[in-house]
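Close look at the chain arrangement
Okay, here's what each chain looks like letter by letter:
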Amino acid sequence: MGVLTSAHLAIGQPLADRLGSQASLKLVFDACSASDQTADKGRKRGPTCLPSAYYDPTFDGRLHKALLPSPADVDAHGKKLPEMSKWVLYKLNMTAVQEEEVDKKRSRDDTSFGGRISKHYKHLHEQVELQPAVGDMNLPSAFVTVRSKPDCVGGTLLPSTTSCDVVGRQPKIFVPLRVREYKRSTRTCSDALPQAFALATSIAIGLLQCGVPSKQVIVPVDVTNGRSMQFGAVYIACGSMPLCWTLSKELDLSMCSDVITAHLHLCKVQQHIGTMIDVLRQRTHLASYDAPNLTSIPRGIWGKPGCLSDEVYPELPLESSLHHVLSVLAVLDSAGVHDCVCYPMGFGEVVTPGSSDSSWCAFFADLTTISDDNPTTFTKNVPDGPTGVLFAAAFRAVVARIHGAGVVHGDMYASNLLWRQAGDGSIQVKIIDWDTCFLIEDGIPDRWGKVWDTKCKVRGRYCRTKDVRELDLFMVRVVEWATSCDQSTPARQLWGDLASAVSAGASNACFRDIQELYLAQCIDDELERSS
């Protein structure tokens with residue numbers, strides 16, 4: 001079994017590129033052999049993970065259904081403290097605590113905090129292995145080496161139909177299903193999340209390679225330092241790409257509400273492990289793992305390099321800008337605004353073929369390709385003719401929903417609008433590229449206020465009203481005007497050029513010309529003043 005030092009994931013061409021050969025990206029991550037290298041030697045190395053929980057990135061909500069306690073679960077439990085509240089390690093002087101004292105090295109002891117959790121919350125048919133090597137579990141080594149040893153792995157024993165021992169008995173193989181990592185009390189749980197996700201990625205790929213349906217591959221992850229816990233999962237996006245997602249904040253186990261939440265998370269993990277064991281047992285053939293490699297993704301994933309770079313939020317560190325954007329998207333998600341928003345499904349640092357420079361990348365479902373997380377295809381170019389008028393009306397309705405949730409997109413260019421026409425003739429519009437979004441109540445971020453100062457959307461009605469919603473509504477009015485103009489007018493001809501644009505750059509240039517023409521011809525109406 002070999003050792004991978006980075007993951008190679010072939011992805012579909014970006015939505016911005018209509019021509020050219022299929023693009024591919026390579027996730028950047030140096031393999032580690034032990035979890036302590038994550039924070040102590042290499043900082044937070046591993047698959048990129050989020051600092052907190054935001055929304056379910058899957059189209060069908062399968063992550064939250066499988067692993068997130070529902071409001072009904074919380075109500076049913078009430079305020080009674082779970083048994084685990086008695087096991088929490090209370091240390092006032094955290095800097096003086098040795099690793100051995102918080103049961104990192106004694107996690108295999110049933111009397112430790114970690115040991116008690118494993119014993120109390122494991123499924124009836126689950127087997128727990130402590131510090132097994134990735135190579136010993138016959139897992140593909142994605143992001144980690146075959147010598148990597150997760151602190152605690154839960155799984156099940158299943159008969160292998162590929163071989164028999166010397167006396168003809170059918171051997172059993174251990175199939176890992178979840179990961180738990182322990183950290184000393186001076187560390188936060190997020191310090192160990194990247195390594196836990198790296199190990200869980202190997203498990204997810206292993207399940208996929210042995211035939212588990214991609215939509216059922218969900219690998220629970222949790223990290224504890226004896227006084228707090230944090231939960232996450234690795235799932236398979238769009239049929240074949242493993243992505244990690246954080247499912248909770250760091251839960252303070254000395255707080256009543258947080259320890260109850262942690263208990264309910266562990267109960268959901270227990271139920272999920274039972275479901276996965278049933279899925280595996282129903283299989284008539286369980287093959288041994290193949291040689292280590294990552295699955296090929298010919299299409300289905302759209303990767304956007306350069307997402308949230310210093311050019312977008314130069315005054316904010318990456319984690320802060322990421323938190324800003326995802327918090328805004330979480331507001332849309334909680335308001336039920338789903339079918340018109342393209343939500344990020346995960347993140348990573350990537351390099352493009354032939355380049356050594358890495359960039360921050362967000363991963364989305366490719367809306368032009370049908371996959372597990374995109375059941376219908378969308379069109380990138382705006383429509384012309386009578387369909388263009390329907391498109392404009394659908395666009396206004398979508399923007400109204402977004403504003404109704406208290407959010408402004410801020411960059412409603414035509415290249416950020418995809419659409420499809422349903423069987424009944426109605427138009428569905430979906431909006432991508434949310435790097436510039438913000439909450440209405442917060443106002444325009446300082447960075448964008450300076451960049452947008454001379455833009456058409458600012459020179460329109462916004463310059464008079466200072467209503468931040470006008471940044472989006474200006475684009476709506478431009479689209480409505482251009483699609484309703486007579487066929488022989490310059491505006492309609494420009495719209496026709498926009499509908500046939502062959503790249504995002506050409507689309508943006510054409511749409512800027514339409515905005516300038518709109519201001520030139522309709523400035524009095526735009527500023528609501530008499531001629």
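Residues numbered from 1 in each chain as written. Predicted model: local features only at pLDDT ≥ 70, side-chain atom pairs only at ≥ 80, totals over all residues. Heavy atoms only, no water.

As named in an unreviewed UniProt entry, the protein chain is Protein kinase domain-containing protein, taken from Porphyra umbilicalis.

This next bit is on the overall build of the protein chain. Per the secondary structure count, the protein chain includes 13 helices and 16 strands. Classification of the 531 residues of the protein chain by burial places 55% in the buried group. Considering only contacts in the protein chain between residues 6 or more positions apart, those separated by 24 or more positions represent 70%. Carbon together with sulfur atoms contributes 51% to the accessible area of the protein chain, which is approximately 22,100 Å² in total. (Helix = DSSP H or I, 4+ residues; strand = E, 2+ residues; numbered from the N terminus. Buried < 20%, exposed > 50% of the residue type's maximum accessible area, 1.4 Å probe, protein only. Contact = heavy atoms within 4.5 Å. Areas by Shrake-Rupley, 256 points an atom, 1.4 Å probe, with all protein chains shown as cover.)

With that settled, consider unusual backbone geometry. Positive phi, close to 55°, is recorded for Gln131, a residue that is not glycine. By relative accessible area, which is 30% here, Gln131 ends up partly exposed. Phi is positive for Asp433, close to 60°, though the residue is something other than glycine. By the secondary structure assignment, Asp433 is in the loop between β15 (427-431) and β16 (438-439). Accessibility expressed as a relative area gives 19% for Asp433, which makes it buried.

This paragraph deals with the packing of helix α12 (residues 490-499) against helix α13 (residues 504-526). Helix-helix packing is described using two parameters, namely the angle between the two axes and the distance between the axes. With their axes 9 Å apart at the nearest point, α12 and α13 run at an angle of 165° to one another. Between α12 and α13, the angle falls in the class roughly antiparallel. When you trace α12 past α13, the crossing you get is left-handed. Taking contact as the criterion, the partners of Pro490, Ala491, Leu494, Trp495, Asp497 and Leu498 in α12 are, on α13, Ser507, Cys510, Phe511, Asp513, Ile514 and Leu517. When its residues are assigned to classes, the contact of α12 with α13 shows nine nonpolar, one polar and two charged. (Axes fitted to C-alpha atoms, helices over the stretch in contact; angles between N-to-C directions. Parallel < 35°, antiparallel > 145°, perpendicular 65-115°, else oblique. Left-handed = near helix turned anticlockwise from the far one by under 90°. Nonpolar A, V, L, I, M, F, W, Y, C, P; charged D, E, K, R; others polar.)

Right, let's talk about the nonpolar core for a bit. Core analysis: the largest hydrophobic core is formed by 123 residues, its most contacted members being Leu207, Leu332 and Phe511. Taken domain by domain, this core gets at least three of its residues from each of domain 1 (26-282) and domain 2 (301-527). Discounting residues that sit within four places of it in the chain, Phe511 has contacts with Met412, Tyr413, Ala414, Met475, Val478, Val479, Trp495 and Leu498. Counting 16 residues, the second largest nonpolar core, distinct from the first, contains Phe113, Met229, Leu251 and Leu264. (Core = buried A, V, L, I, M, F, W, Y, C linked by side-chain atoms within 4.5 Å. Domains from an automatic or database assignment.)

Evaluation of the coordinates by the stated rule reveals seven aromatic pairs. Considering the side-chain rings of Phe474 and Tyr518, the 5.6 Å spacing of their centres and the 70° angle between planes classify their relative orientation as edge-to-face. Remark: Tyr518 occurs in helix α13 and Phe474 occurs in helix α11 (residues 470-484); sequence separation between them is 44 residues. By relative accessible area, which is 0% here, Phe474 ends up buried. Through a chain of ring-to-ring contacts, the aromatic side chains of Tyr55, Trp245 and Tyr343 assemble into a single cluster. (Phe/Tyr/Trp six-rings, centres within 6.5 Å; stacked < 30°, edge-to-face > 60°.)

Quick look at the side chain of Ser52 now. Relative to the assigned elements, Ser52 resides in the loop between α1 (36-41) and α2 (62-67). Contact partners of Ser52, with chain neighbours within four places excluded, come to Gln230, Thr246, Ser248 and Lys249.

Within the secondary structure layout, Asn381 lies in the loop between β12 (358-365) and α8 (386-404). Residue Asn381 is classed as buried on the basis of its relative accessible area, which comes to 13%. A distance of 2.7 Å separates a polar atom in the side chain of Asn381 from the backbone oxygen of Ala499. (Polar contact = N/O pair within 3.5 Å; in protein donor to acceptor, adjacent residues only side chain to side chain.)

Side chains of residues three or four places apart in an α-helix project in the same direction, reflecting 3.6 residues per turn. Here α11 contains 15 residues, and its C-alpha end-to-end distance of 20 Å stays within 8% of the 21 Å for a straight helix at 1.5 Å per residue. The buried fraction of α11 amounts to 13 of the 15 residues, a majority that puts the element mostly inside the structure. (Expected span 1.5 Å × (residues − 1).)

The next point concerns the pairing of strand β14 (residues 417-421). Two strands pair when backbone bridges link them, and β14 and β15 are joined in this way by five bridges, in the antiparallel orientation. Pairing of Leu418 across the sheet is with Lys430, part of β15. Between β14 and β15, which pair antiparallel and follow one another directly, the connecting turn spans five residues, one of which, Gly425, has a positive phi of 95°. (Pairing = 2+ DSSP bridges.)

A word on the environment of Arg281. With respect to the element layout, Arg281 can be found in helix α6 (residues 256-281). Spatially, the C-alpha atom of Arg281 lies 9.8 Å from that of Thr156, the residues being 125 residues apart in sequence. In this structure, Arg281 is in contact with His125 and Leu158, ignoring residues within four places of it in sequence.

Averaged over all residues, the pLDDT of the protein chain is 80; the fraction at 70 or higher stands at 77%. In the model, residues 30-45 has pLDDT below 50 throughout and makes 51 contacts with residues more than four positions away in sequence or in other chains. When the criterion is pLDDT under 50, residues 99-107 qualifies, and its contacts beyond four places in sequence or with other chains add up to 29 contacts. (pLDDT = per-residue confidence, 0-100.)

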